[in-house]
Amino acid sequence: MSGREWLVRLFSRAIPAAYREEVVSDVQDQHTRLAPLLVALCRSGRDARRQLARPRTAGAGWSGVWADLGGAVRMHRARPGAALAITLILALAIGLNTSVYSMVEAVLVRPLPFTDVDRLVFVWNASPHHERESMAPGRALDLRNRIGALEGAALIGHLSMTVTGRETADRWFGASVSSSFFDVLGAPPLVGRTFATAAPDRDVVVLSHRLWVSQFGAEPSVVGQRLVMNGRPRTVVGVMPADFYWPSITPETSADNPPLFWTCAPLPDVPERMLPYDEDIIRNRTMGFLRMVARVRSDRTVEAAQQEAAVVAAALGREYPTTDGGRAVSLVPARDQLFGAVARPMWFVLLASALVVLGACVNVGNLILVRQAGRHRELAVRSALGAGRGRLMRQLMIEAGVLAIAGGVGGVAVGFAGLKGLVAIAPDSVGRLDNAMINGSVLAFTALATLVSAVALGALSAVALWRDRSAEDLRAAGTAERGHGRLRHGLIAVEVALAVALMVGAALFGQSLLRLQRVDVGFDTRHLLTFDIMLTGVRAEHTAKQLEFYSGLLDRIRALPGVQGAAGAFTLPIGGDDFGASAFPEGRPLPPPGADRRIGFQIVGDRWFRTLGMQVLEGREFGPEDERQAPGVVIVNQALVDLEWPGESPIGRRLKYAREADAPWLTIVGVVSNVHHLGPAAPPRPEIYLPYSQMSQAMMAVAVRTTGDPLLLVPAIRAAAAVVDPSQPISGVSTMDAYLQKTYGRANFLTTLTLLFGVVTCLLTVVGVYAVTSFAVTQRTREFGVRAALGASPRRLAREVLRSSLAPVWIGVAVGIGLAMWSGQLVSALLFATEPLDPAAYVAATSILIVTAGLASVVPARRAARLDPVKALRDG
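What you see is a predicted model, and the numbers here were worked out from it, not measured in a lab.

Details of the overall build of the protein
The helix and strand inventory of the protein stands at 27 helices and 22 strands. Computed over the C-alpha atoms, the radius of gyration of the protein is 36 Å, more than 25% above the 29 Å expected from 2.2 N^0.38 for a compact globule of 876 residues. The proportion of buried residues among the 876 residues of the protein is 53%. The long-range fraction of contacts in the protein, counting pairs at least 24 apart against all pairs at least 6 apart in sequence, stands at 80%.

So, in structure tokens, the structure goes:
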């Protein structure tokens, strides 16, 4: 007997003989150095005597809880590796969930800064082709005055204004609104006042918080300053607060380009247009450029207001059959209007992150069960020393709670970093992200998630303990664990099912993104610079001066080195606005009012098609002969030809874009290829192109084809514009590639997050499979040693380990496929050209998971195959 063994035997005399062997083994597992080992043996003997002397009720109450809490901390410190791994897993999962919820809370959950927001609605025209269309002034005023269920309504028109009189001329995007706009919303200003409804003043402006900070340094003295906007002096009367969320209102509202200011509409309270128009605007019933926000009376519901609006719309249809016939009215609640386009993706992301938390809890639960199984000897000793089943269950639950709380605290730290990452990759269409933060609401949510995790993990530990049939089992427990194998395998199956569902989702969104990026948008977006020109003053009022400016600017740009071509259009494809009209071919009967087919309407200059790289399929482009006094001409795209003249040439035929009898007929002189004007996700639509020379406007979007980096030419182009007229700045400088990338924003966001969630869950699954398999091999060491000694081949042992570890994986894959099929239906509307049951996505996701799970089982299987029978029988 060595000296060390003699000393261990001597000091272990302090431990009662009935449990001495188990306790000594436990202590030797924890201490290798002699001195700490001897001290621990003395302490164990002292604790054992105290435990035996303590009444059976000892440990009850708060003192027992505190004692268990201290014991839990000591237990985790004794096994720091496992405790740290569990804490990190929980921190990662809770942190991801915290950051996602922070974003959802800021965008969807946080109250809107409007009074009684549930009574706010947006009023839209509705037709058989579109559920939401803007309105012309005459119809908008009639609806506002005749729908009695609305106690207030304000009209909105978007416009850009050139601001001069400051250091450099600049162009700001904003809105012209009715004087009652802020009163209808019930939104007070941060500084100054809003518009006066009793005596509206056209020459006043209210600034957004963003513009106030960026352009005026958040100085309160901005109130009272005068700004020259489109050549007209206007006085700043107020600034809206930072939480005043008001995006650009479109049928599918997004936060891409929010207004920076609001001007008060001139009398008779009809907002200004971006382009001047000299007819009596309040009688116009065809020029749809207005939106309406209204407040439903307190004694009416939104449904009742909708019914009343339908009656009014029907009456207007009878009164104005040519313009209002066949048109309905749609009332859209404010929340649906402002967040309808982003709500589903956001809730889906939150659901996916919750699945990650669930997967992490399952994984941690499995690790706790494995560790708990390894503590059978300790639990047996404590049970023998008098600890009841309830006492042990409380101890295990507190130990799990300590880990969950540590994970929750770590999760808050991860959440801070994760929120920054999420905001960075979120598409611009998601609004209110500027105010996303870890606030009290988010912390309460994180605390709830932590509490749920603690209770679930503690309950799992308690259930595992309860499954031991009796205290005698605990006392009799030796080195081999028993009874928990099926529970751990069940948890592995759950974990695999969650991982399969998330990875299939990631594969579906990944496929959707790839297919979206492969769409040929109909023109070459590479080396294409774009910017806007909004003419003001005399330049905007006279067609000849407009054309003179455009011609001078484009000639100078085309002469710049590195420029292959330059041309202008009323609006850009993909990155521009959506202007529509109808097409009435000559010789065809007019459709009933309201049944007009809406097509794209575009005004372009010469060389537009060649600059963008579009093909002229038939006929010609616009040329110098298409001057203002010449007969009207039009170019159509192939989609319109396929619709109206399939298999025929439209060259020489005539059409008009308004149904009035005196609307001019235009002769078709060319056919061009289709483009995806509304982005790659929207199919090409029928379009007509009119020449700028015959319908000049005060605004133009310019495209410049370059040989190198387009942005390098921006200074030279600004200088060229200043030479032509320094009071007309260019704005909205970007590249067409940048606009195209914006259209991928939502798909990129969903793909990135689901891929992240899928990878995290897959890694957790691998960890779980490895831990359970390794533990099972360790517990069966003696069995494998006996079988190896009796002739079992290493390959047979390894195959048995693999088969046992992969059995729950196969079950989980089957369940996960079902879960993925169900969740796929939920997100089908978010996919592009990808079916929610796409077999390739399912095969790829399940294959990756099965292979990685198999690899996680290989190491323990190899260990089982390489067992030394003699050593296994001696040490097992």
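Quick word on the packing of aromatic side chains
Under the definition given, this model contains 19 aromatic pairs. With centroids separated by 4.7 Å and ring planes inclined at 35°, the aromatic side chains of Phe 570 and Phe 579 adopt a geometry described as tilted. Classification of Phe 570 as buried rests on a relative accessible area of 7%. Residue classification places Phe 579 among the partly exposed positions, given a relative accessible area of 26%.

Some thoughts on the confidence of the model for the protein
The pLDDT averaged across the protein works out to 86; a share of 91% of its residues lies at or above 70. Throughout residues 474-482 the model reports pLDDT below 50, and contacts reaching past four residues in sequence, or to other chains, amount to 21 contacts.

Comments concerning the environment of Ala 501
Looking at where Ala 501 falls in the secondary structure, it is placed in helix α16 (residues 485-517). Between the alpha carbons of Ala 501 and Leu 355 there is a distance of 9.2 Å; along the sequence they are 146 residues apart. Sequence-distant contacts of Ala 501, that is, excluding residues within four places in its chain, are made with Gly 816, Leu 819 and Ala 820.

Describing the packing of helix α18 (residues 543-558) against helix α21 (residues 714-724)
Relative orientation of the contacting elements α18 and α21 amounts to 145°, with a least axis distance of 9 Å. Considering how the two elements wind past one another, α18 and α21 form a crossing that is right-handed. Here α18 contributes Phe 549, Gly 552, Leu 553, Arg 556 and Ile 557 to the contact with α21, which in turn contributes Ile 717, Ala 720, Ala 721, Val 723 and Val 724. Residues that form the contact of α18 with α21 fall into these classes: eight nonpolar, one polar and one charged.

Regarding the pattern of salt bridges
Counted by the stated rule, this structure contains 33 salt bridges. Asp 324 is the partner of Arg 139 in a salt bridge, and the nearest nitrogen-oxygen pair spans 2.8 Å. Taken together, the residues Arg 139 in helix α6 (residues 137-146) and Asp 324 in helix α10 (residues 321-324) connect sequence positions 185 residues apart. Note that Arg 558 is salt-bridged to Asp 555, the shortest N-O span being 3.7 Å.

Things to note about the nonpolar core
One finds Phe 114, Phe 181, Phe 244, Trp 246 and Trp 262 to be the most contacted residues of the largest nonpolar core, which totals 108 residues. Here this core takes 19 residues from helix α11 (residues 334-373), the largest share from any one element. Counting residues in hydrophobic clusters, the runner-up holds 43 residues, among them Met 534, Leu 553, Leu 713 and Val 724.

Focus: a positive patch on the surface
Residues Arg 795, Arg 796, Arg 799 and Arg 803 make up a contiguous surface patch of positive charge. The residue Arg 795 is located in helix α25 (residues 794-826) in this model.

A few points about the packing of α11 against helix α23 (residues 745-779)
Two elements in contact, α11 and α23, have axes separated by 10 Å at closest approach and are oriented at 10°. As judged from the angle between their axes, α11 and α23 are roughly parallel. Looking at side-chain class alone, the contact of α11 with α23 contains 20 nonpolar, eight polar and one charged residues.

Observations concerning unusual backbone geometry
If you check the backbone angles, Asn 230 has positive phi at about 55° while not being a glycine. For Arg 432, which is not glycine, the phi dihedral falls at a positive 65°. Taking relative accessible area as the criterion, Arg 432 reaches 9% and is therefore assigned buried.

Description of helix α8 (residues 209-216)
Along α8, the residues classified as buried are Leu 211, Trp 212 and Phe 216. Along the axis of α8, the buried residues cluster in a sector spanning 100°; they form a single face. Turned more than 90 degrees off the buried face of α8, the exposed positions are Arg 210 and Ser 214. Looking at the buried residues of α8, the elements they touch are β3 (170-177), β4 (191-192), β5 (204-207), β6 (226-229), β7 (232-239) and β8 (261-264). Phi for Gly 217, located one or two positions after α8, is positive at around 60°.

Remarks on the side chain of Ser 582
Looking at where Ser 582 falls in the secondary structure, it is placed in strand β13 (residues 580-582). Taking relative accessible area as the criterion, Ser 582 reaches 11% and is therefore assigned buried. Setting aside chain neighbours within four positions, we find Ser 582 in contact with Asp 596, Arg 597, Ile 599, Lys 656 and Tyr 657.

Focus on a nonpolar patch on the surface
Among the surface-exposed residues, Leu 448, Leu 451, Val 452 and Val 455 lie close enough to one another that they form a single nonpolar patch of about 370 Å² accessible area. Position of Val 455 among the secondary structure elements: in helix α14 (residues 440-466). Relative accessible area serves as the criterion here: at 48%, Val 455 is assigned to the partly exposed category.

Some points on the environment of Thr 611
Turning to its location among the elements, Thr 611 is positioned in helix α19 (residues 608-612). For Thr 611, a relative accessible area of 3% gives the class buried. A sequence separation of 232 residues divides Thr 611 from Val 843, and the C-alpha atoms of the two residues are 44 Å apart. Apart from the residues within four sequence positions on either side, Thr 611 is in contact with Leu 528, Gly 565, Ala 566, Ala 567, Ala 703 and Arg 705.

So, the pairing of strand β12 (residues 563-569)
Burial of β12 is extensive: six of the seven residues sit out of reach of the surface. Note that β12 and strand β21 (residues 699-706) share six bridges and pair antiparallel. By the bridge assignment, Gly 565 is partnered in β21 with Arg 705.

About the criteria used
Residues numbered from 1 in each chain as written. Predicted model: local features only at pLDDT ≥ 70, side-chain atom pairs only at ≥ 80, totals over all residues. Heavy atoms only, no water. Helix = DSSP H or I, 4+ residues; strand = E, 2+ residues; numbered from the N terminus. Rg over C-alpha atoms; globule rule 2.2 N^0.38 Å. Buried < 20%, exposed > 50% of the residue type's maximum accessible area, 1.4 Å probe, protein only. Contact = heavy atoms within 4.5 Å. Phe/Tyr/Trp six-rings, centres within 6.5 Å; stacked < 30°, edge-to-face > 60°. pLDDT = per-residue confidence, 0-100. Axes fitted to C-alpha atoms, helices over the stretch in contact; angles between N-to-C directions. Left-handed = near helix turned anticlockwise from the far one by under 90°. Nonpolar A, V, L, I, M, F, W, Y, C, P; charged D, E, K, R; others polar. Salt bridge = Lys/Arg side-chain N within 4 Å of Asp/Glu carboxyl O. Core = buried A, V, L, I, M, F, W, Y, C linked by side-chain atoms within 4.5 Å. Patch = residues over 30% accessible without salt bridge, like charges linked within 9 Å, V, L, I, M, F, W, Y side chains within 5 Å. Areas by Shrake-Rupley, 256 points an atom, 1.4 Å probe, with all protein chains shown as cover. Lys, Arg positive; Asp, Glu negative; His and termini not counted. Charge placed at Lys NZ, Arg CZ, Asp CG, Glu CD. Parallel < 35°, antiparallel > 145°, perpendicular 65-115°, else oblique. Arc of directions from axis to C-beta. Pairing = 2+ DSSP bridges.

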